[in-house]
Every structure is written in C-alpha cells, then in structure tokens.
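The primary structure of each chain is shown beneath.
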Amino acid sequence: MKVSILGAGPAGSTAAFFLASAGIETELIDIREFPRDKTCAGGLFNPLLYFRDFPYLEEADGKYLYRAIFSCGKHSMSYTSKTPLIKTFVRKDLDFFLLNKALKAGAALFINKPPEGEVIIDATGARRARDYPKAGVCLAWDFPAREDTDTVYIHYAFQGIVGYGWAYPKKGFANIGIGALLPQKNMRSIYWSFLEFLESERIFSAGKKSFSVKLIPFAPRRSFHEGSTLLAGDRAGFVKPATGEGIYFAMLSGRLAAQSIIEGKPASWYEEQCRKGFGQHLKPLMFSWSRPLLFGTLEKAIKIGSRDELFKKMFAENFFRLGSHNLALRYTRHLFT
Ligand SMILES: Cc1cc2nc3c(=O)[nH]c(=O)nc-3n(C[C@H](O)[C@H](O)[C@H](O)COP(=O)(O)OP(=O)(O)OC[C@H]3O[C@@H](n4cnc5c(N)ncnc54)[C@H](O)[C@@H]3O)c2cc1C
C-alpha cells in the first residue's frame, strides 16, 4: 500500500512519521519548498503533555515560558507556573524539525506533484472561511527580541475584537499578533494600535511595522473525511476557539489518521476517535454569546483573578491546557461577593 499526504505542516508530517515508522510507503506532498515561513505564534501549550504524546519534541530547540499576563479592559493579572506553560518556536524551524522526523522515518517529500497513493490524507491547512461554521483572521509577525523577554502577554477584546492580542516570546524573537472572529473590520489599524499599545505600556517594542495575514478555523467541519480521504489538522478545523491553539490537535489528528490506515479502519473510525480524543476542546461555545456578555464576563474574570490566587491559577491552567477546572463555579461565587 502507498499513502499520499497532502501538506507537510504539523498534521501531515506527524501522519507521515507514524506511517513511515510502521513501514508503509508514504509520500508527503507540499506546494512549498522547505524550510518555509508560516504565520504563527508557534506555542506548544503545556509542553509536558506534548512530550508524553510525541517524546521526540523534547529535543526540538525552543523556548520555555513560565509566566503569563492576561488583560481585559482596565484589569490584568500575572501568573507564574512551576511547570512550563508553553514552549515556543519559530514555525519555520518547528515544521522543518517535524518534517525531518518523517523523512528520517522513511517518508519521501515531493513539491507540487499529483498524489499517487491509494489512500489520501488531506492536511493542507485552512484555505477558505466558508469551509468552517466559524472562522477568524489573524495578523501576526515575528519581531527580533532580547533573550530575556520571557512573559506571554494576552490582551482580550483589544479595541472590541472578539478575540485577543498577544505577545509570545521565542528564541531571538517575539510573535506579536491579533486574532478575531470574522466578520471583523479594520484589523490592520487595530494591529497597528496594538503595536503602539505594547510599546506605550513597555511590554514590547516592535520597532517597525510588519504583519502577515492568516485565516484560522474556529469550529470544526461537520465531517472529518471526504469519502475515504481523511482531513487532518486545520483542514478539518481542529483549532481550540478559546485560544487559537491548533498544533497539538493537528499532530493528534495526524497520528490518528496514520493509525486508522495502519489498522485498516474506516474513515468513520477516524472521525469518532478525533471527536472522542479532543472534540471537547473545539466547541465554540463563547462565540454564541453577545459581545457585551462576552466582554463583561472576561473583564470580570480578569478582575477576579487579580484578587483570587486560585481562580487565577485555574484560569491560566485552562488557557494553557495544563488542567481543566470548573471556572464557572468559582466565578459565580464572586458575583455575589
Ligand atoms: C497567527 C496564528 C497564530 C497561531 N498560534 C498558534 C500557537 O501559538 N499554538 C498553536 O498550537 N497553534 C497556533 N495557531 C494555529 C496553528 O498555526 C495551526 O493550527 C497549525 O499550523 C495547523 O497545522 P496543519 O498541519 O493542519 O496546517 P498548516 O500548518 O497550515 O500546514 C499546511 C501545509 O499544507 C501545505 N499546502 C497547502 N495547500 C496545499 C496543496 N494544495 N497541496 C499540498 N500542500 C498544500 C502548506 O504549504 C502547508 O505546508 C496559530 C495560527 C495562526 C494563524
């Protein structure tokens, strides 16, 4: 049997790694030469969980971050963790690392060639907003940064966007971006304001104006396969809408796609395993709230977190997927105090 994988991002390269490791002839086809740039904050949330699932990632050269500041409106809170919240990478390096793992395992890479395999995995990323029930747009850039820049900064609802602005320090760089649910006007001028805001608050000085734009799915597609073709990663819409995190779900779905082919399971098995494995993270629940309710709840949550250590810890651990806590319960208590 020969398998063709379209797209050599984290989803495609992970699928290729597991297929080739199982001795299956695997071709990985991309439209771009590698190493290639990719617009992304590049954070592996809760890296220790990644290392459990994909131990080889521990050797990849990234930056560990333990501290995060969350802001909304007038309020902010700072949280420092004993375990790493996130390991960050320039995506060009991370994707090249994952691709090389697949090539070393025996997969072959081709640029712009028709697929020849009997089975196909489509891991070509997010292409059109209309493919997903909800989608967003991100503007971001990797700016050069000092090595001692070590705090993740998250600013919810910056200038009224349903989303957040961020600063993610990396080795030698910091990714500065904003992401918002579509439709959203004036993203470019909101992004410039965010750069100015970070500078005026002495959080990060970009020094110049640059960005690239990228679509981001905020809800999975109704089905995770098209006939026998398995859709993995962003192609299927596997992004956590509350944070925009997608690399973990891309890798998990790539591994599940490989497993379903190795074990000769039908596409429905793959779909079921994805839903069972990480479906709970992908529900865009908050996006159905009205803007005033969403913004009011977030601002109140940050205010509570600035006074309540346990709430802050729970909030940060939920964000970085270090744990799953019932925030609503503790939040409700504060409404009456
Ligand atoms: C600004 C921004 C910041 C983000 N930050 C984070 C973060 O910090 N942490 C996190 O976990 N997630 C983050 N994400 C989400 C994350 O980038 C994606 O979820 C992840 O890249 C999905 O991986 P993938 O392999 O599915 O797709 P991709 O990484 O998009 O890879 C798809 C590949 O397919 C190739 N391709 C496209 N079309 C074709 C074709 N027709 N034939 C063959 N190949 C094709 C592309 O060239 C590309 O190499 C962010 C997203 C954005 C936009």
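These numbers come from a predicted model, not from an experiment. (Residues numbered from 1 in each chain as written. Predicted model: local features only at pLDDT ≥ 70, side-chain atom pairs only at ≥ 80, totals over all residues.)

## Topic: the overall build of the protein chain
Turning to step 1, where the next piece is worked out: Counting secondary structure elements, the protein chain contains nine helices and 16 strands.
Turning to step 2, where the next piece is worked out: For the protein chain, the C-alpha radius of gyration of 20 Å lies close to 20 Å, the compact-globule estimate for 337 residues.
Turning to step 3, where the next piece is worked out: Taken along its principal axes, the extent of the C-alpha atoms in the protein chain is 60 × 40 × 40 Å.
Turning to step 4, where the next piece is worked out: Within the protein chain, the fraction of its 337 residues that count as buried is 46%. (Helix = DSSP H or I, 4+ residues; strand = E, 2+ residues; numbered from the N terminus. Rg over C-alpha atoms; globule rule 2.2 N^0.38 Å. Buried ≥ 20, exposed ≤ 12 C-beta atoms within 10 Å, placed from the backbone.)

## With respect to the site of the ligand
Turning to step 1, where the next piece is worked out: The immediate surroundings of the ligand are formed by 35 residues, with Gly7, Gly9, Gly125, Gly233 and Gly246 found nearest.
Turning to step 2, where the next piece is worked out: Counting residues per element, the ones that place at least two in the shell around the ligand are helix H1 (10–21), strand E2 (25–30), strand E10 (135–144), strand E14 (212–217) and helix H5 (247–262).
Turning to step 3, where the next piece is worked out: Classifying every residue of the shell around the ligand gives 16 nonpolar, twelve polar and seven charged. (Near = placed C-beta within 6 Å. Nonpolar A, V, L, I, M, F, W, Y, C, P; charged D, E, K, R; others polar.)

## Notes on the domain arrangement of the protein chain
Turning to step 1, where the next piece is worked out: Domain assignment breaks the protein chain into domain 1 (2–42 + 92–128 + 222–285) and domain 2 (286–335).
Turning to step 2, where the next piece is worked out: One C-alpha centre belongs to domain 1, the other to domain 2; they are set 32 Å apart.
Turning to step 3, where the next piece is worked out: Listed as interface residues are five residues of domain 1 and, on the opposing side, four residues of domain 2.
Turning to step 4, where the next piece is worked out: Grouping the amino acids of the side of domain 1 that touches domain 2 by side-chain chemistry returns four nonpolar, one polar and no charged. (Domains from an automatic or database assignment. Contact = placed C-beta atoms within 7 Å.)

## As for unusual backbone geometry
Turning to step 1, where the next piece is worked out: With an omega dihedral of -5°, the bond running from Phe34 to Pro35 counts as a cis peptide bond.
Turning to step 2, where the next piece is worked out: Tracing the backbone through its elements, the reader meets Pro35 in the loop between E2 and strand E3 (43–45).
Turning to step 3, where the next piece is worked out: Pro183 follows Leu182 through a cis peptide bond whose omega is 0°.
Turning to step 4, where the next piece is worked out: For Pro183, the location among the structural elements is in the loop between strand E13 (173–181) and helix H4 (187–200).
Turning to step 5, where the next piece is worked out: Positive phi is not limited to glycine here, since Asn112 has a value of about 55°.

## Side note on the packing of H1 against H5
Turning to step 1, where the next piece is worked out: Two numbers describe how H1 lies on H5: the axes approach to 7 Å, and their chain directions differ by 35°. The element H1 and its partner H5 pack so that their crossing is right-handed. Counting all contacts with H1, which are made through Pro10, Ala11, Gly12, Thr14, Ala15, Phe18 and Leu19, the residues of H5 involved are Ile247, Ala250, Met251, Ser253, Gly254, Arg255, Ala257, Ala258, Gln259, Ile261 and Ile262.
Turning to step 2, where the next piece is worked out: Here the residues of the contact of H1 with H5 are counted per class, giving twelve nonpolar, five polar and one charged. (Axes fitted to C-alpha atoms, helices over the stretch in contact; angles between N-to-C directions. Left-handed = near helix turned anticlockwise from the far one by under 90°.)

## Overview of the nonpolar core
Note on soluble globular proteins: their nonpolar side chains tend to be buried together.
Turning to step 1, where the next piece is worked out: Counting residues in hydrophobic clusters, the biggest one holds 100 residues, and the most contacted among them are Ile5, Ala15, Ala16, Ile121, Ile178, Ala232 and Ala257.
Turning to step 2, where the next piece is worked out: With ten residues, H5 is the single largest residue contributor to this core.
Turning to step 3, where the next piece is worked out: Two domains each provide a minimum of three residues to this core, namely domain 1 (2–42 + 92–128 + 222–285) and domain 2 (286–335).
Turning to step 4, where the next piece is worked out: Not counting residues within four places of it along the chain, the set of residues in contact with Ala232 comprises Ala11, Ala15, Ile121, Ala123, Ala250, Ser253, Gly254 and Ala257. (Core = buried A, V, L, I, M, F, W, Y, C linked by C-beta atoms within 7 Å.)

## Observations concerning the sheet that holds strand E9 (residues 119–122)
Turning to step 1, where the next piece is worked out: Taken in spatial order, the six strands make up an open sheet running E8-E2-E1-E9-E16-E15, and their pairing is mixed. Both outer strands of the open sheet, strand E8 (108–111) and strand E15 (225–226), are each paired with one neighbouring strand and no more.
Turning to step 2, where the next piece is worked out: The pairing of E15 with strand E16 (residues 229–231) spans two bridges and is classified as antiparallel. In the sheet register, His225 faces E16, and the bridge partner there is Leu230. (Pairing = 2+ DSSP bridges.)

## Overview of the packing of helix H7 (residues 291–305) against helix H8 (residues 309–319)
Turning to step 1, where the next piece is worked out: With their axes 7 Å apart at the nearest point, H7 and H8 run at an angle of 125° to one another. Put simply, H7 runs oblique to H8. Here Ala301, Ile304 and Gly305 of H7 lie close against H8, whose contacting residues are Phe311, Lys312 and Phe315.
Turning to step 2, where the next piece is worked out: Of the residues that constitute the contact of H7 with H8, the class distribution is four nonpolar, one polar and one charged. (Parallel < 35°, antiparallel > 145°, perpendicular 65-115°, else oblique.)

## Some details on the sheet that holds E10
Turning to step 1, where the next piece is worked out: As summarised here, the arrangement of the seven strands in space is E6-E5-E11-E12-E13-E10-E14, forming an open sheet in which the pairing is mixed. At either end of the open sheet lies a strand with only one pairing partner, and these are strand E6 (75–80) and E14. Strand-to-strand twist across the sheet, computed as the mean angle between neighbouring axes with direction ignored, equals 20°.
Turning to step 2, where the next piece is worked out: Bridging between strand E11 (residues 151–156) and strand E12 (residues 163–170) involves four bridges; their strand directions are antiparallel. Paired with Ile154 across the strands is Trp166, a residue of E12.

## Digging into the environment of Leu6
Turning to step 1, where the next piece is worked out: Structurally, Leu6 is set in strand E1 (residues 2–6).
Turning to step 2, where the next piece is worked out: Spatially, the C-alpha atom of Leu6 lies 31 Å from that of Tyr64, the residues being 58 residues apart in sequence.

## Looking at the environment of Ser223
Turning to step 1, where the next piece is worked out: Here Ser223 is to be found in the loop between E14 and E15.
Turning to step 2, where the next piece is worked out: Considered as a pair, Ser223 and Ala236 are 13 residues apart in the sequence and their alpha carbons are 7.8 Å apart.

## Structural notes on H5
An α-helical turn contains 3.6 residues, so any two residues separated by three or four positions project in the same direction.
Turning to step 1, where the next piece is worked out: If you check H5, its first and last C-alpha atoms are 22 Å apart, about what 16 residues at 1.5 Å a residue would give, namely 22 Å.
Turning to step 2, where the next piece is worked out: Burial of H5 is extensive: 14 of the 16 residues sit out of reach of the surface. (Expected span 1.5 Å × (residues − 1).)

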